[in-house]
Amino acid sequence: MQGWWYDWIKALHVIAVISWMAGMLYLPRLFVYHCEAEAGSKQSETFKVMERRLFKAIINPAMIVTWLAGLYLVWAGHWYLSGWFHVKFLLVLLMSGVHGFFGRCVRAFAADRNLHSQKFYRLINEVPTALMIVIVILVIVKPF
Ligand code: HEM
């Protein structure tokens, strides 16, 4: 059964989620601005540092803590039996896929080999937002 620490792990989960999402919502904005900076310019080099630090210091560790705490909650709360969780899990896998893709973009920009347009980054910017909204509704409302 659930111990008193369940709610503490849930608090940790939400703290990590906020940090992960802050980064996932801001990083593609940096890509949008980075597209406008000429390769080799001082501005472009500054964006590289901002992107690398945001990804390595915030986004990556926050995702790991979100996953570890989340998996504990699923196991301790037996949520793997619930419909809302199955959909949440699918969306969280998609979020993690977008995370992996953003990591590839950071590396591409770092090597001055960005392959995508500014319009593309404006569009993909909305994906983590949309996923986050549905995930939060699923986990709070638990509609099924
Ligand atoms: C990475 C894999 C994840 C797993 C395995 C997971 C799993 C869970 C589980 C089992 C709970 C407990 C539900 C309850 O006690 O009622 C929970 C709570 C929560 N999760 Fe996740 N989660 C993950 C990622 C995320 C993400 C990406 C978000 C938001 C974008 C999120 C938002 C929340 C919120 C807001 C709560 C608190 C709900 C409440 O107050 O009861 N989770 N998560």
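Each remark here, short or long, concerns the structure printed above.
No experiment lies behind these values; they were computed from the predicted model shown. (Residues numbered from 1 in each chain as written. Predicted model: local features only at pLDDT ≥ 70, side-chain atom pairs only at ≥ 80, totals over all residues. Heavy atoms only, no water.)

Draft legend 1. Just the coordination of the iron atom of the ligand, in detail. Around the iron atom of the ligand, the protein contributes the donor atoms His 13 (NE2) and Lys 88 (NZ), at 1.8 to 2.1 Å from the metal centre. The coordination sphere of the iron atom of the ligand comprises 6 donor atoms, whose angles at the metal cover 86 to 178°; the geometry is octahedral. Within this pair, whereas His 13 is found in helix H1 (residues 5-36), its partner Lys 88 is found in helix H3 (residues 83-110), the two being separated by 75 residues in sequence. Lys 88 carries the same exposure label as His 13, and that label is buried. (Donors = N, O, S within 2.8 Å, 3.2 Å for Na, K, Ca; no water. Tetrahedral: all angles 85-135°; square planar, octahedral: opposite > 155°, others 65-115°. Helix = DSSP H or I, 4+ residues; strand = E, 2+ residues; numbered from the N terminus. Buried < 20%, exposed > 50% of the residue type's maximum accessible area, 1.4 Å probe, protein only.)

Draft legend 2. Quick look at the site of the ligand. Every one of the 23 residues lining the ligand counts as a neighbour, but Tyr 6, Lys 10, His 13, Lys 88 and Lys 142 are closest to it. One of the side-chain nitrogen or oxygen atoms of His 13 is found 2.9 Å away from a nitrogen atom of the ligand. The side chain of Lys 88 places a nitrogen or oxygen atom 2.6 Å from a nitrogen atom of the ligand. Judged by the proximity of its atoms to the pocket grid, the ligand belongs to the largest pocket. The residue inventory of the shell around the ligand, partitioned by class, reads 17 nonpolar, 3 polar and 3 charged. (Near = heavy atom within 4 Å. Polar contact = N/O pair within 3.5 Å; in protein donor to acceptor, adjacent residues only side chain to side chain. 1 Å grid on protein atoms, 1.4 Å probe; cavity = no way out; pocket = protein on both sides within 12 Å on 5 of 7 lines; lining within 4 Å. Sits in = over half its atoms within 2 Å of the grid points. Nonpolar A, V, L, I, M, F, W, Y, C, P; charged D, E, K, R; others polar.)

Draft legend 3. Summary view of the nonpolar core. Counting residues in each nonpolar core, the largest one holds 31 residues, and the members touching the most others are Trp 20, Met 24, Leu 27, Phe 31 and Phe 102. Going through the elements one at a time, H1, helix H2 (42-77), H3, helix H4 (118-124) and helix H5 (126-141) are the ones with two or more residues in this core. Tallying contributions element by element places H3 first for this core, with 11 residues. Residues in contact with Phe 102, not counting those within four places in the same chain, are Met 24, Leu 27, Pro 28, Phe 31, Phe 55, Ile 124 and Pro 128. (Core = buried A, V, L, I, M, F, W, Y, C linked by side-chain atoms within 4.5 Å. Contact = heavy atoms within 4.5 Å.)

Draft legend 4. The arrangement of unusual backbone geometry in detail. Of note in the backbone geometry, His 78 takes a positive phi value of approximately 55° without being a glycine. The class of His 78 is partly exposed, set by a relative accessible area of 37%. Non-glycine residue Asp 112 carries a positive phi angle of around 55°. The residue Asp 112 is located in the loop between H3 and H4 in this model.

Draft legend 5. The pattern of salt bridges, seen in detail. For the coordinates displayed, the defined rule picks out 2 salt bridges. Here Lys 48 makes a salt bridge to Glu 45, at a shortest N to O gap of 3.0 Å. One end of the pair is Lys 48 and the other is Glu 45, both in helix H2 and 3 residues apart, which spans about a single turn. By relative accessible area, Glu 45 is classed as partly exposed at 35%. In this structure, the salt-bridge partner of Lys 48 is Asp 112, at a minimum N-O distance of 3.1 Å. Here the residue Lys 48 occupies a position in helix H2, and Asp 112 occupies one in the loop between H3 and H4, the gap between them amounting to 64 residues. Owing to a relative accessible area of 11%, Lys 48 belongs among the buried residues under this scheme. Several salt bridges share partner residues, and in doing so they unite Glu 45, Lys 48 and Asp 112 into one network. (Salt bridge = Lys/Arg side-chain N within 4 Å of Asp/Glu carboxyl O.)

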